[in-house]
Amino acid sequence: MLRLTDFIIDCPDTMKLAAFYSEVVGLPVKQDSNENWAGIKFGDLELAFVQVDDYRAPQWPDTEHPKQFHLDFEVDDIEAEQRRVLDLGATLQRDCTDPDGYGFRVYTDPIGHPFCLCRNKGVVWTDQGLIWPKQG
């Protein structure tokens, strides 16, 4: 049996990056977090941040030092969420939305990791979570 338990992001300052993503997702940083390992729980999965010496940010889309992961966040109001993540310290890198506001926008977090805010056509937001459109 295999079970994913953690998604770990290298960074120079665990608490600072954990605080950024805590604000982005609206979940608290775990109480036992520290300068070596900080985490945010998503049910059984933890988004974790580990301190590394000599951290170098990816230079996406350049392939000399490419990204090795990115996070996608589905949003119901891309303009409002963009204002919010920019106020938190993110930087807009590329806008790939159509005139109706569907698509995605690429950002980097305060230390250079890319992430996207996405707005997919047909997604319905409910109190129980997202309902995705049926494929094919």
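Look a little higher up for the structure.
Our subject in this report is the structure included herewith. Values in this document were obtained by computation on a predicted structure and should not be read as measured data. (Residues numbered from 1 in each chain as written. Predicted model: local features only at pLDDT ≥ 70, side-chain atom pairs only at ≥ 80, totals over all residues. Heavy atoms only, no water.)

### Digging into the overall build of the protein chain
Move 1: When helices and strands are counted, the protein chain shows 2 helices and 9 strands.
Move 2: Listing each helix as α and each strand as β along the protein chain from the N terminus yields β-α-β-β-β-α-β-β-β-β-β.
Move 3: Structurally, the protein chain occupies a C-alpha span of about 45 × 35 × 35 Å along its principal axes.
Move 4: Across the 136 residues of the protein chain, 32% fall into the buried class. (Helix = DSSP H or I, 4+ residues; strand = E, 2+ residues; numbered from the N terminus. Buried < 20%, exposed > 50% of the residue type's maximum accessible area, 1.4 Å probe, protein only.)

### Concerning the nonpolar core
Move 1: Core analysis: the biggest nonpolar cluster contains 21 residues, and Tyr21, Phe49, Leu71, Phe115 and Leu117 have the highest contact counts within it.
Move 2: Broken down by secondary-structure element, the contributors of at least two residues to this core are strand 1 (6-11), helix 1 (14-25), strand 2 (37-42), strand 3 (45-51), strand 4 (71-74), helix 2 (78-87) and strand 7 (114-119).
Move 3: Element by element, the count of residues in this core is highest for helix 1, at 5 residues.
Move 4: Each residue touching Leu71, except ones within four places of it in the same chain, is listed here: Phe7, Ile9, Tyr21, Leu47, Pro114, Phe115 and Cys116. (Core = buried A, V, L, I, M, F, W, Y, C linked by side-chain atoms within 4.5 Å. Contact = heavy atoms within 4.5 Å.)

### Thoughts on the sheet that holds strand 7
Move 1: If you walk across this open sheet you meet the 4 strands as 4-7-6-5, and the pairing is mixed. Among the strands making up the open sheet, the edge pair consists of strand 4 and strand 5 (91-97). Direction aside, the axes of adjacent strands within the sheet are offset by 20° on average.
Move 2: Along the sheet, helix 1 contacts strand 4 and strand 7; its crossing angle with strand 4, the most-contacted strand, is approximately 25°. (Pairing = 2+ DSSP bridges. Axes fitted to C-alpha atoms, helices over the stretch in contact; angles between N-to-C directions.)

### Overview of the pattern of salt bridges
Move 1: Summed over the entire model, instances satisfying the criterion amount to 5 salt bridges.
Move 2: Measuring nitrogen to oxygen at the nearest pair gives 3.3 Å for the salt bridge that ties Arg105 to Asp95. On the criterion of sequence distance, the pair formed by Arg105 in strand 6 (residues 103-108) and Asp95 in strand 5 is long-range, its members being 10 residues apart.
Move 3: Judged by its relative accessible area of 6%, Arg105 falls in the buried class.
Move 4: In this structure, a network of salt bridges that share partners links the residues Lys30, Asp32 and Glu46. (Salt bridge = Lys/Arg side-chain N within 4 Å of Asp/Glu carboxyl O.)

### Concerning the layout of surface pockets
Over the atoms a probe the size of a water molecule is rolled, and this reveals where empty space is left.
Move 1: Estimated volume of the largest pocket: approximately 270 Å³.
Move 2: What lines the largest pocket is a set of 14 residues, among which Asp10, Tyr55, Arg56, Gln68 and His113 lie closest to the centre.
Move 3: The residue makeup of the lining of the largest pocket, split by class, is 7 nonpolar, 3 polar and 4 charged. (1 Å grid on protein atoms, 1.4 Å probe; cavity = no way out; pocket = protein on both sides within 12 Å on 5 of 7 lines; lining within 4 Å. Points joined across faces, edges and corners; volume = space filled by probe spheres on them. Nonpolar A, V, L, I, M, F, W, Y, C, P; charged D, E, K, R; others polar.)

### As for a nonpolar patch on the surface
Move 1: Together, Trp125, Leu130 and Trp132 line one region of the surface with nonpolar side chains, adding up to about 310 Å² of accessible area.
Move 2: Following the sequence through the fold, Trp132 ends up in the segment after strand 9 (129-131). (Patch = residues over 30% accessible without salt bridge, like charges linked within 9 Å, V, L, I, M, F, W, Y side chains within 5 Å. Areas by Shrake-Rupley, 256 points an atom, 1.4 Å probe, with all protein chains shown as cover.)

### So, the packing of aromatic side chains
Move 1: Evaluated as defined, the whole model comprises 6 aromatic pairs.
Move 2: An angle of 15° between the planes, with centres 5.8 Å apart, marks the rings of Tyr21 and Phe49 as stacked. Residue Tyr21 is found in helix 1, and its partner Phe49 is found in strand 3; the two are separated by 28 residues along the sequence.
Move 3: Classification of Tyr21 by relative accessible area gives buried; the value is 0%.
Move 4: Relative accessible area serves as the criterion here: at 0%, Phe49 is assigned to the buried category.
Move 5: Taking 6.0 Å as the distance between ring centres and 75° as the angle between the ring planes, the aromatic pair formed by Tyr21 and Phe115 counts as edge-to-face. Of this pair, Tyr21 sits in helix 1 while Phe115 sits in strand 7, placing them 94 residues apart in sequence.
Move 6: Of the aromatic side chains, those joined through ring pairs into one cluster are Phe20, Tyr21, Phe49, Phe73, Tyr107 and Phe115.
Move 7: Positioned above the aromatic ring of Tyr102, the side-chain terminus of Arg119 is 4.2 Å from the ring centre. (Phe/Tyr/Trp six-rings, centres within 6.5 Å; stacked < 30°, edge-to-face > 60°. Lys NZ or Arg CZ within 6 Å of the ring centre and 35° of its normal.)

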